[in-house]
Amino acid sequence: MKDIKVLGSGCTKCSKTAEQLQKVAKELGVEANVTKQMDPQVIMHYGVMSTPAVVINEQVVHSGSIPHKEQIQAWLSD
Amino acid sequence: MLDVFTQLADWLAYSVIGLSANTKLGDAVHFFIEDVSKIYVLLVIMIYLIALLRAALNVERVRDYLADKNRSLGYVLGSVFGAVTPFCSCSSIPVFLGFTSAGIPVGITMAFLLTSPLINEVAVLLLLSLVGWKVTLLYVLVGLLTGILGGIFLDAIKAERWLRDFALKALQHAQQNNRIDIPVDKPPLTFKERHQFARQEALDIFSRVWKWVLIGVGLGAALHGVVPNGWIEQHLGAGQWWSVPVAVALGIPLYSNATGVIPIMESLLVNGLPVGTTIAFCMSTVAASFPEFILLKQVMLWRLLGTVFVMLLVSFTLVGWTLNAFSALL
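Report on the accompanying structure. (Residues numbered from 1 in each chain as written. Chains lettered and ligands numbered in written order. Predicted model: local features only at pLDDT ≥ 70, side-chain atom pairs only at ≥ 80, totals over all residues.)

### A few points about the packing of helix H13 (residues 275-287) of chain B against helix H15 (residues 302-326) of chain B
How two helices pack is summed up by the angle between their axes together with the distance between the axes. Residue and element names in this part refer to chain B. Orientation of H13 relative to H15, taken along the N-to-C sense of each, is 160 degrees, at an axis distance of 7 Å. By the angle class used here, H13 and H15 are roughly antiparallel. H15 is crossed by H13, and the crossing has right-handed handedness. Residues Val-275, Gly-276, Thr-277, Ile-279, Ala-280, Met-283, Ser-284 and Ala-287 of H13 form the contact with H15, whose participating residues are Leu-312, Leu-313, Phe-316, Thr-317, Val-319, Gly-320, Trp-321, Thr-322, Leu-323 and Asn-324. Here the contact of H13 with H15 is built from residues that sort into 11 nonpolar, seven polar and no charged. (Axes fitted to C-alpha atoms, helices over the stretch in contact; angles between N-to-C directions. Helix = DSSP H or I, 4+ residues; strand = E, 2+ residues; numbered from the N terminus. Parallel < 35°, antiparallel > 145°, perpendicular 65-115°, else oblique. Left-handed = near helix turned anticlockwise from the far one by under 90°. Contact = placed C-beta atoms within 7 Å. Nonpolar A, V, L, I, M, F, W, Y, C, P; charged D, E, K, R; others polar.)

In structure tokens, the structure reads:
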């Protein structure tokens with residue numbers, strides 16, 4: 001079970017990132033709990049300045065853009 | 001080189017659509033076709049080229065760089081980096097907090113955030129191609145100065161008092177030398193990575209701004225077509241003092257980014273509106289907009305938000321008056 005957080009201020013890119021993560025997780029049959037975090041305090045806590053950012057099991061793995069499909073596959077199959 | 005677009009507009013407006021060059025409608029349609037085609041082509045090419053150059057520049061690097069600089073230099077650099085660093089306005093809160101939690105003074109952070117919407121490569125490019133280098137230079141200088149002086153002012157009045165609690169704590173914590181260090185060790189980019197970044201940027205920015213260009217040029221064209229020749233010049237051309245605050249006030253409810261407002265700027269200037277009034281109007285439209293300000297509420301108390309807002313309105317008015325007074329020298 002992977003705990004995935006998408007950090008962002010609610011812009012379209014952030015929603016797309018969350019959707020994309022859910023889609024790829026489903027394709028790979030990986031159990032994942034994807035949530036969106038919009039609270040600035042939480043975003044600051046992870047030290048992220050460019051959104052959307054992706055946090056998997058409390059590790060920031062990506063920030064600043066919608067991740068590519070291949071990247072997501074790599075994170076999820078770890 | 002840019003004549004191609006005039007010829008394209010000649011051909012489309014006068015030959016294909018069959019309008020007469022002497023009518024208001026023909027004039028407006030010609031303006032619309034020429035500007036939209038020119039801006040679209042220039043945008044894609046220039047965004048790509050500029051993105052190639054600045055592929056390695058990001059807010060994380062700027063933060064680390066600014067955190068080590070002394071104050072007076074900090075305002076200038078903050079403002080300059082605000083102009084050249086790309087970031088989406090939806091990231092302004094994380095950027096604000098990122099800078100703050102690195103111990104960068106509020107004034108320097110705000111210098112960065114104030115300049116950012118006003119000046120960017122797209123704006124400069126549009127200005128150069130539409131209104132010439134003199135107005136472009138003025139616009140850029142005024143934009144940078146607004147950021148620098150605004151930042152100095154905010155620190156002088158100790159604006160950090162009016163940050164939200166958690167933001168103030170992060171700032172104080174970092175300034176007591178407990179900076180949270182998040183190292184950014186990225187290897188130098190290869191040309192292929194730069195190309196990919198630049199291609200993505202060109203696509204991203206274009207898909208974000210194309211409609212603004214359409215709206216902006218459309219309004220500019222409407223000005224050409226609707227406002228009688230000489231009306232603006234006759235009534236506002238002398239740079240009447242009251243016209244500047246009115247222009248600034250008009251800009252508040254109007255919300256646009258720089259890309260959309262610059263074609264309007266061109267149209268206003270061509271119609272004889274003085275340069276100070278025009279720049280004051282455009283800057284107010286771009287920087288003093290409610291949607292972006294409301295975002296900042298998440299990290300600031302109303303008092304600071306209000307102060308920044310009033311500060312912007314006052315500075316744009318002063319800018320307008322000053323430029324109108326000196327416009328005879330331009």
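### A look at the packing of helix H4 (residues 71-84) of chain B against helix H7 (residues 121-156) of chain B
Residues and elements named next belong to chain B. At a closest axis distance of 9 Å, the pairing of H4 and H7 adopts a crossing angle of 135 degrees. Looking at the two axes, H4 sits oblique to H7. Pair H4 / H7 crosses with right-handed handedness. Residue-level inspection shows Tyr-75, Val-76, Gly-78, Ser-79, Val-80, Gly-82 and Ala-83 of H4 in contact with H7, the latter providing Leu-144, Gly-147, Ile-148, Gly-151 and Ile-152. Looking at side-chain class alone, the contact of H4 with H7 contains seven nonpolar, five polar and no charged residues.

### Considerations on the pairing of strand E3 (residues 53-56) of chain A
Residues and elements named next belong to chain A. Bridge count between strand E1 (residues 2-7) and E3: four bridges; the pairing is antiparallel. The residue bridging Leu-7 from the neighbouring strand is Ala-53, located in E3. The pairing of E3 with strand E4 (residues 59-63) spans four bridges and is classified as antiparallel. Residue Val-54 lies in a different strand from E4, and its bridge partner there is His-62. What sits between the antiparallel neighbours E3 and E4 is a turn of two residues, in which Asn-57 has the positive phi angle 45 degrees. (Pairing = 2+ DSSP bridges.)

### Considerations on the sheet that holds E4(A)
All names here are of chain A. Taken in spatial order, the four strands of this open sheet run E2-E1-E3-E4, and their pairing is mixed. Two strands bound the open sheet, and with one partner strand each, they are strand E2 (32-37) and E4. Between one strand and the next, the sheet's axes are offset by a mean angle of 20 degrees, whatever the strand orientation. Strands E1, E2 and E3 of the sheet are contacted by helix H1 (residues 12-28), whose axis makes an angle of about 175 degrees with E2.

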